[in-house]
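What follows is the residue order along each chain.
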Amino acid sequence: MTFSIKDHPFYVRMKQLPPQEVAAWVLGEAPVEAVEAKLRKEAFRRVAKHITAGKAERSKHGFNSDTNGEIARAMEWAFQAGLKAASKT
């Protein structure tokens, strides 16, 4: 019998989420490029914390983790958000 990670009871906690979704926990409905720098920084920190906590959780339960990919996607997203925020000012 084969099991998927989706069958694991902690799947919700281990799931890799897009940075936009994690940032929404801090920002609500506002797009990251439209908020003030302090909130943007807090959102970026939350994304980083989610990535590192997710890595630890997945490793603890023996699941693979693409931490480098998650970090790369988050950095690209943050860079694009910074460019959009700068162009609006």
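Residues numbered from 1 in each chain as written. Predicted model: local features only at pLDDT ≥ 70, side-chain atom pairs only at ≥ 80, totals over all residues. Heavy atoms only, no water.

(A) Broad picture of the packing of helix H2 (residues 19-27) against helix H4 (residues 67-88). Where H2 contacts H4, the axes come no closer than 10 Å and their chain directions differ by 65°. For the pair formed by H2 and H4, the contact residues are Pro 19, Gln 20 and Ala 23 on the first element and Arg 73, Ala 74 and Trp 77 on the second. For the contact of H2 with H4, the class distribution of residues is 4 nonpolar, 1 polar and 1 charged. (Axes fitted to C-alpha atoms, helices over the stretch in contact; angles between N-to-C directions. Helix = DSSP H or I, 4+ residues; strand = E, 2+ residues; numbered from the N terminus. Contact = heavy atoms within 4.5 Å. Nonpolar A, V, L, I, M, F, W, Y, C, P; charged D, E, K, R; others polar.)

(B) A look at the environment of Ala 34. By the element assignment, Ala 34 lies in the loop between H2 and helix H3 (37-60). Taking the relative accessible area as the measure of exposure, Ala 34 reaches 51% and is therefore exposed. With 48 residues separating them in the primary sequence, Ala 34 and Gly 82 have C-alpha atoms 9.8 Å apart. (Buried < 20%, exposed > 50% of the residue type's maximum accessible area, 1.4 Å probe, protein only.)

(C) Focus on the side chain of His 50. Locating His 50 in the fold gives a position in helix H3. Excluding anything up to four places from it in sequence, His 50 contacts Lys 15, Leu 17, Val 22 and Trp 25.

(D) Summary view of the nonpolar core. Ala 23, Leu 27, Val 32, Val 47 and Trp 77 are the most contacted members of the largest nonpolar core, which totals 13 residues. Of all the elements in the fold, those that place two or more residues in this core are H2, H3 and H4. The dominant element in this core, judged by the number of residues it contributes, is H4, at 4 residues. For Val 47, the contacting residues outside a window of four places in its chain are Pro 19, Val 22, Ala 23, Ala 74 and Trp 77. (Core = buried A, V, L, I, M, F, W, Y, C linked by side-chain atoms within 4.5 Å.)

(E) How the structure looks around the side chain of Thr 67. The residue Thr 67 is located in helix H4 in this model. Sequence-distant contacts of Thr 67, defined by excluding residues within four places in its chain, comprise Ile 51 and Lys 55.

(F) A look at the packing of aromatic side chains. Tallied over the entire structure, the rule returns 1 aromatic pair. Ring geometry for Phe 44 against Trp 77: centres 5.4 Å apart, planes inclined by 85°, an arrangement best described as edge-to-face. With a gap of 33 residues between them, Phe 44 in helix H3 and Trp 77 in helix H4 connect regions that are remote in the sequence. For Phe 44, a relative accessible area of 25% puts it in the partly exposed group. (Phe/Tyr/Trp six-rings, centres within 6.5 Å; stacked < 30°, edge-to-face > 60°.)

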